[in-house]
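# Coordinates in review
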Amino acid sequence: MNEFKPLPNLPPPVATAGVIGWLRANLFPSPFSALLTVLGIYFLYITLVPFLDWAVFSADWFGTDKSACISGGACWAFVTSRIDFFIYGFFPTSEVWRINICFALFVISFAPQFFDAFPYKKNLGIFSLTVFPAISYVLISGGWFGLVEVSTEKWGGLSLTLMLAYVGIVAALPFGVVLALGRRSQLPVIRTFCILFIEWWRGVPLISVLFMSSVMLPLFLPEGMNFDKLLRALIGIIMFQSAYMAEVVRGGLQAIPRGQHEAADALGLGYWKSMLLVILPQALKLVIPGIVNTFIALFKDTTLVLIIGLFEVLASVEAVVRGAQWRGLTFEGYVFVGLCFWVFCFGMSRYSQKLERKLNTGHKR
Amino acid sequence: MASTDFAVQMINVNKWYGEFHVLKDINLNVSVGERIVICGPSGSGKSTMIRCINRLEEHQAGQIIVGGIELTHDLKRIDEVRREVGMCFQHFNLFPHLTVLENCTLALIWVRKMPKKKAEEVAMHYLERVKIPEQMNKFPGQLSGGQQQRVAIARSLCMNPKVMLFDEPTSALDPEMIKEVLDVMVQLAEEGMTMLCVTHEMGFAKLVADRVIFMDAGQVVEENKPEPFFNDPQNDRTKLFLSQILNH
């Protein structure tokens, strides 16, 4: 009788593995590619080296005004001397510890999300979406528990940017999900409302939304009734971004096969349970790249609040580089602001990639 | 009148997809414990018919009564019926983001309100019955088709249904895996479960069915016990169908 014997598995050839294999496959697979590799390295050399020299090696780091910058490199002295203003805006110096506590809580609740081994990530996630914003609001605005009240006109800098972005993100996602579900609803009233809402907010530029909220809205409100400018801008941002979010989420909902709805129905889960337990977890996972895209766009769009006179980080930096002490440092100013934004956006992007890998259960259907 | 003697009763059921008349005057009484196999060419309405029983499809005329509850637009009743009727699909439709065990416990926890620990015991019991307990912590995407379908059967059985519907449970499987699924279904039939199976597995029909129903063009063409159905079909359409599926 002939017995079936599978052949043994052999290791791959040496030339295709290891460092040499990698160099060969990725950098020098053909003469043309080798040429491109060399040219690429040369290009990096002629651009990166002068930039690093300007930005790091011959930069001036400390000083009290522009005269401290004499070495010809970047003048970072304005950043180091005005860093408090860039971070806290006009927040009273004696109360800055309240914002610092919020920053600390922020780091404590998000840093562990990057480590797989940390056990309480889920609870920490819920904390950062619910309790953390509440604590931060109480701490920063004050007026409770003997804290001095700090009006929102004094909020500013990077802390204001982060606040706007954080509240925008935390609110826009659930609103967007509800709108997306509503747009796919069987009930004509709900569906029509959601379509109108989404198409309206998506159809107007964010700048006009912000102008409307700060200039037009007070005209329509009854005399004496006036609510906070920051709150109005925030509501505008949330409405605007949740319309975008809704369409991203709807894309995910549409990608879920009908069989998943049917299986959930057949088990008797009903609409809300099947959405929350079966459909949305899969749909949201599918559109993580789109959701993070919207988050990043939202984060950068917060700079637009400067046109209605809110001093977020870009406006604070601009105010300083237009002032007498540091006049003309616009280039350094924009590089600094760009770096601030890039750090946070890159962090979000990395986290989303990690999340995608983690949630991948290897099922393509 | 609704009768509780029947597990499922369909009285003059008609259904249209837009202009297309898919089900024409379907009358079907399924007794408790009866095993019915439904066959017929594709597009004959057999899947649509069993999908009407748990309201995955809505019928436009006639009555469908499941376990004494008539299906109407009343969502409460639909949920009640769905709790009593289990269903297995051609493409399994397991929830890919949940493990095998979580797939089985989901409805127990959220529909039956069972504590998690108890739900897991129930789920393990049924996973053992479909001979797959060792896969409990894997995700559906890591299992073979036959294993997935057995998990799907276990998931339905966890809800302790009075009726099980099978919508071509083996037609998406590789030939090597059909037997493991059919074995589970035979075992289930032998334990007295009321079953309606849309399938082309005629061996299975001969082995366990109390009645075989042949459908074409939205109507029941012929129904009979398996032995006379296969050996002595009355209708020419049935004869043609059987000659095509049995002689290849």
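The numbers attached to residues start from 1 for each chain and follow its sequence in the written order. Note on labels: chains are lettered from A, ligands numbered from 1, in written order. Reporting in this predicted model follows two pLDDT cut-offs: at least 70 for local features of residues, and 80 or more for side-chain atom pairs to be given and counted; totals over whole chains, interfaces and linings ignore these cut-offs and use all residues. To get the side-chain values, all heavy atoms of the structure are used, and hydrogens and water are removed first.

## Focus on the overall build of chain A
- Secondary structure counts use DSSP, requiring at least four H or I residues in a row for a helix and at least two E residues in a row for a strand, with both numbered from the N terminus. For chain A, the helix and strand inventory stands at 15 helices and zero strands.
- Against the globule reference of 21 Å for 365 residues, chain A gives a C-alpha radius of gyration of 26 Å, more extended than a compact globule.
- Summary of the burial criterion: residues with accessible area below 20% of their type's maximum are buried, those above 50% are exposed, and those between are partly exposed, where the area comes from a 1.4 Å probe applied to protein chains only. Buried residues in chain A amount to 41% of all 365 residues.
- The method behind every accessible area is Shrake-Rupley, applied with a 1.4 Å probe, and residues are considered shielded solely by the protein chains displayed. Of the roughly 21,100 Å² of accessible surface on chain A, a fraction of 71% belongs to carbon and sulfur atoms.
- Note on charges: Lys and Arg go in the positive column, Asp and Glu in the negative column, and His and the chain ends are not counted at all. Throughout, a charge is located at the NZ atom of Lys, the CZ atom of Arg, the CG atom of Asp or the CD atom of Glu. Averaged over its 27 positive side-chain charges, chain A has a centre that lies 11 Å from the centre of its 20 negative ones. The size measure is the radius of gyration over C-alpha atoms, and the globule rule it meets is 2.2 Å times the number of residues to the 0.38 power.

## Thoughts on helix 5 (residues 145-158) of chain B
- Over its 14 residues, helix 5 of chain B extends 20 Å from the first C-alpha to the last, a length consistent with the 20 Å expected when each residue adds 1.5 Å.
- The element helix 5 of chain B is largely enclosed, with a buried count of 14 among its 14 residues. Working rule for helices: expected span equals 1.5 Å times residues minus one.

## Remarks on the interface of chain A and chain B
- Taken residue by residue, the interface counts 21 residues in chain A and 27 residues in chain B.
- Salt bridges, as used here, are contacts in which a Lys or Arg side-chain nitrogen is within 4 Å of a carboxyl oxygen on Asp or Glu. Remark: the boundary between chain A and chain B carries two salt bridges.
- Of the charged contacts, one joins Arg51 of chain B and Glu262 of chain A as a salt bridge, the two residues approaching to 2.5 Å between their closest N and O atoms.
- What qualifies as a polar contact is a pair of N or O atoms within 3.5 Å, subject to a donor-acceptor requirement within protein and to the restriction that residues adjacent in sequence count only when both atoms come from side chains. Between the two partners, chain A and chain B, sit five residue pairs in polar contact (both at pLDDT 80 or more).
- If you list the elements that add at least two residues to the side of chain A that touches chain B, you get helix 11 (258-266) and helix 12 (270-286) of chain A.
- Residue classes in the side of chain A that touches chain B are distributed as eight nonpolar, eight polar and five charged. Residue contacts are defined here by distance: any two heavy atoms, one from each residue, within 4.5 Å place the two residues in contact. Charged residues are taken to be Asp, Glu, Lys and Arg, nonpolar residues to be Ala, Val, Leu, Ile, Met, Phe, Trp, Tyr, Cys and Pro, and polar residues to be all remaining types, Gly included.

## A word on the layout of surface pockets
- In this model, the second largest pocket occupies a volume close to 1,300 Å³.
- For each structure, a 1 Å grid was placed over the protein atoms alone; sets of points admitting a 1.4 Å probe that cannot get out are labelled cavities, open sets with protein on both sides within 12 Å along at least five of seven lines are labelled pockets, and lining residues have an atom within 4 Å of a point. Taken together, 28 residues line the second largest pocket, and the ones lying closest to its centre are Gln186, Asp265 and Tyr271 of chain A together with Leu75 and Arg82 of chain B.
- If you list the elements that add at least two residues to the lining of the second largest pocket, you get helix 7 (157-183), helix 8 (188-203), helix 11 and helix 12 of chain A together with helix 2 (75-84) of chain B.
- The element best represented in the lining of the second largest pocket is helix 12 of chain A, accounting for five residues.
- Tallied by class, residues from the lining of the second largest pocket come to 12 nonpolar, seven polar and nine charged. Grid points are joined across faces, edges and corners, and a volume is the space filled by probe spheres set on the points.

## Looking at the side chain of Gln241 of chain A
- Looking at the secondary structure, you find Gln241 of chain A in helix 10 (residues 229-255).
- When neighbours within four sequence positions are excluded, Gln241 of chain A is seen to be in contact with Ala172, Thr294, Leu298 and Asp301 of chain A.

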